[in-house]
Amino acid sequence: MVGFAKNSVAYERAREALIWNQRLHDARSPERIVEARSTRDVVEAVEFARLNGLKVSVRGSGHDYQASALRDGGVLIDLGPLDGISIDAEKRQAWVGAGAKGGALLEALSDHGLAFPVGHCPDVALSGYLLGGGFGWNFGEWGPACLSVTEIEVVTAAGEILRANEDSHPDVFWAARGAGSGFFAVVTRYRLKLYPLPKCVHVLSATFPLERVPAIADWLDTATLAADSKVEITCIAGSVPQVSGPGVHLQVVATGDDDAEVRNRLTPFRDRPAAVDRAGAFEEKPMGFADLPQLSAMPSGKRMAGDYLWTDASPGELLRAAQPVAEGPSIATISIFSPGGDGCDAPDPGLFGCALSVGCGASAGIYALWDDPADDEAHLAWVSGADAALAPHRKGRYVGETDLTAGPERVEDCFAPACLDRLRALRERYDPEDRFFSFLT
Ligand SMILES: Cc1cc2nc3c(=O)[nH]c(=O)nc-3n(C[C@H](O)[C@H](O)[C@H](O)COP(=O)(O)OP(=O)(O)OC[C@H]3O[C@@H](n4cnc5c(N)ncnc54)[C@H](O)[C@@H]3O)c2cc1C
């Protein structure tokens, strides 16, 4: 077990590299940072914390927007080095270390003609992504990624190593699929169900000036409604690089095995009135499935603030609500995500049979990225203003991307009430001494 004590040079160097959001990389100070290279290291770190009366925080790749892995006091266990990937192509399954990144997994799988619904940005670790639910590529077909987790290895607050699945420790397995930063143990490895690599991907994209929102919102709704539920629609309003000045960037991804069928899925977006056609610049291109994360629009090395909401509003309604606030400072965008069809209706709470219990229709991410600390206040104000503008459409929040520090009551929006009660009861049972830091609220 490699550990660094506070105030040492090695500690500062390690802390510097832990957190993706540069606004928060030194916001809090654990007593000790431990780099886990094995499950045994995690056990030792948890035991060290217990013997010294310290709390424990867990870091996968530090991508949580609020840096919830970084806490004041306690032992931070960094699972980054636990990034092994072991693929059983015949059984279509893989054991993946918590620190493995989505992009690396997708690349390794594509060599075997296999795939998994990894997150949209390649550098996010499976660790916290799967724990929060995981809404990734081809979500319309494969669903939230945590539903393709078939088993986990965890280290409990008592330092015990458990294998949890539907039959063994099913309550721990239930919680690890959706609890996010409210989980009460350390997941060291995930066993994943894999899918055949889609043979064809077609991407239709279009850009418009922001003032054309009224002209495109109705068309967007008509096309979305007519589209297949497997089509993934992203509509970004704000400072999109494709437009000089504030704009709208639409991206529609269709995936499958038959080229003609996949192209056909984009038909509703080719059928557009002349006013819409004139307003935008349209493009269509084929892509490889493993290359999809290249479309990600979130640069690293920036200061960041963000928030997220689930909604039953249509993409067009959200776009209209976003337009007045979309013109933000620096890189500031409202990203509307929707499956095709009538996918905007949120499913019944508790539908998934795991802690993930809210969401899955349309959603909106509010993202601001910038460089200068002097601009912090303006960007934080923009994010909360955009959240307020979209509030009338909000039906819930996503634990993986919501700013829980903006109000402790927001945790209630992330889970169906019965699921949150069960999560809290399990936490008391598996972590009676409150060893693990919980939601950062
Ligand atoms: C650029 C970017 C792109 C993103 N894209 C997507 C996306 O496409 N889809 C999506 O659903 N989300 C996305 N997210 C959100 C992301 O999934 C969450 O922020 C997730 O928590 C990141 O995982 P992590 O391992 O880096 O978490 P960390 O920041 O390392 O940890 C966050 C918290 O999760 C808990 N945790 C993490 N790992 C473990 C573990 N192994 N055991 C126990 N507890 C643990 C801890 O409580 C920790 O405090 C994105 C985030 C960023 C910054």
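Every chain begins its residue count from 1, and numbering advances along the sequence as written. Selection of residues for local features in this predicted model requires a pLDDT of at least 70, selection of side-chain atom pairs for listing and counting requires 80 or more, and totals for whole chains, interfaces and linings are taken over all residues.

For the chain, the helix and strand inventory stands at 14 helices and 19 strands. Computation of the radius of gyration draws on C-alpha atoms alone. For the globule rule, the value is 2.2 Å times the number of residues to the power 0.38. What you see for the chain is a C-alpha radius of gyration of 21 Å, in line with the 22 Å of a compact globule of 441 residues. Projected onto its principal axes, the C-alpha positions of the chain cover 70 × 55 × 40 Å. Counting over 441 residues, the chain shows a buried share of 54%. Residue pairs in contact within the chain that sit at least 24 positions apart in sequence constitute 74% of those at least 6 positions apart. Secondary structure elements are defined from DSSP: runs of H or I of at least 4 residues count as helices, runs of E of at least 2 residues count as strands, and each element is numbered from the N terminus. As a rule, residues whose C-beta atom has 12 or fewer other C-beta atoms within 10 Å are exposed, those with 20 or more are buried, and those in between are partly exposed; C-beta atoms are placed from the backbone. A pair of residues counts as a contact when their C-beta atoms, built from backbone coordinates, are separated by no more than 7 Å.

Moving on: the site of the ligand. Here is the check we use: build the C-beta atom from the backbone, and if it is within 6 Å of the molecule or strand, call the residue near. The ligand sits among 33 residues. The nearest are G60, H63, D64, G128 and S181. Counting residues per element, the ones that place at least two in the shell around the ligand are strand 3 (56–59), helix 4 (126–132) and strand 10 (186–193). Looking at the shell around the ligand element by element, the count peaks at 5 residues for helix 4. Classification used: nonpolar for Ala, Val, Leu, Ile, Met, Phe, Trp, Tyr, Cys and Pro, charged for Asp, Glu, Lys and Arg, polar for all others including Gly. Classifying every residue of the shell around the ligand gives 15 nonpolar, 15 polar and 3 charged.

With that settled, consider the domain arrangement of the chain. Domain start and stop points were drawn from an automatic or database domain assignment. Per the domain assignment, the segments of the chain are domain 1 (2–78), domain 2 (85–197) and domain 3 (200–406). Distance between the C-alpha centres of domain 1 and domain 2: 22 Å. Across the boundary between the two partners, domain 1 contributes 13 residues, which contact 16 residues of domain 2. Per-element tally for the side of domain 1 that touches domain 2: the top contributor is helix 2 (residues 39–51), with 6 residues. Tallied by class, residues from the side of domain 1 that touches domain 2 come to 5 nonpolar, 5 polar and 3 charged.

Between any two strands, pairing holds if DSSP finds at least two bridges. What the 4 strands build is an open sheet, ordered 1-2-4-3; its pairing is mixed. Among the strands making up the open sheet, the edge pair consists of strand 1 (2–5) and strand 3. Between one strand axis and the next, the sheet turns through 20° on average, direction left out of account. Helix 1 (residues 9–16) rests against strand 1 and strand 2 (32–35) of the sheet, and its axis sits at about 105° to strand 1. Here helix 2 sits on the sheet and contacts strand 2, strand 3 and strand 4 (75–78); the angle it forms with strand 4, its principal contact strand, is near 175°. Helix axes are fitted to C-alpha atoms over the stretch in contact, other axes to C-alpha atoms as well, and angles between N-to-C directions run from 0 to 180 degrees.

With that settled, consider the pairing of strand 16 (residues 303–311). Of all the 9 residues making up strand 16, 9 are buried; the element is thus mostly covered by neighbouring parts of the structure. Side chains of strand 16 alternate between two faces, with R303, A305, D307, L309 and T311 and M304, G306, Y308 and W310 buried alike. Note: strand 16 against strand 18 (residues 362–370), 9 bridges, orientation antiparallel. What sits directly across from G306, in strand 18, is Y367. Direction of pairing for strand 16 relative to strand 19 (residues 394–396): antiparallel, over a ladder of 2 bridges. Bridge pairing links W310 to G396 in strand 19.

A separate point is the nonpolar core. Remark: nonpolar core denotes a set of buried Ala, Val, Leu, Ile, Met, Phe, Trp, Tyr and Cys residues whose joining runs through C-beta atoms within 7 Å. I77, A176 and A368 are the most contacted members of the largest nonpolar core, which totals 142 residues. Top element by residues in this core is strand 18. It accounts for 7 residues. Sequence-distant contacts of A176, that is, excluding residues within four places in its chain, are made with L131, I152, A164, F183 and V187.

Right, let's get into the pairing of strand 8 (residues 149–155). Across 6 bridges, strand 8 lies against strand 10 in antiparallel orientation. What sits directly across from V155, in strand 10, is V186. Linking strand 8 to strand 9 (residues 161–164), which pair antiparallel, is a turn of 5 residues; within it G159 sits at a positive phi near 80°.

A few words on the sheet that holds strand 5 (residues 85–88). The pairing of strands in a sheet happens through backbone hydrogen bonds and is either parallel or antiparallel. Within the open sheet, the 5 strands sit side by side as 5-6-10-8-9. Their pairing is antiparallel. The sheet is open, and its two borders are formed by strand 5 and strand 9, each paired with just one other strand. For this sheet, the mean angle separating the axes of adjacent strands, direction not counted, is 15°. When strand 8 meets strand 9, the two strands line up antiparallel, connected through 4 bridges.

What follows concerns helix 11 (residues 315–322). Taken across its 8 residues, helix 11 has 6 buried, putting it largely inside the fold. Within the sequence span of helix 11, burial applies to P315, G316, L318, L319, A321 and A322. Those residues of helix 11 that are buried are in contact with helix 7 (213–226), strand 13 (232–238), strand 16, strand 17 (331–339), strand 18 and helix 12 (376–390).

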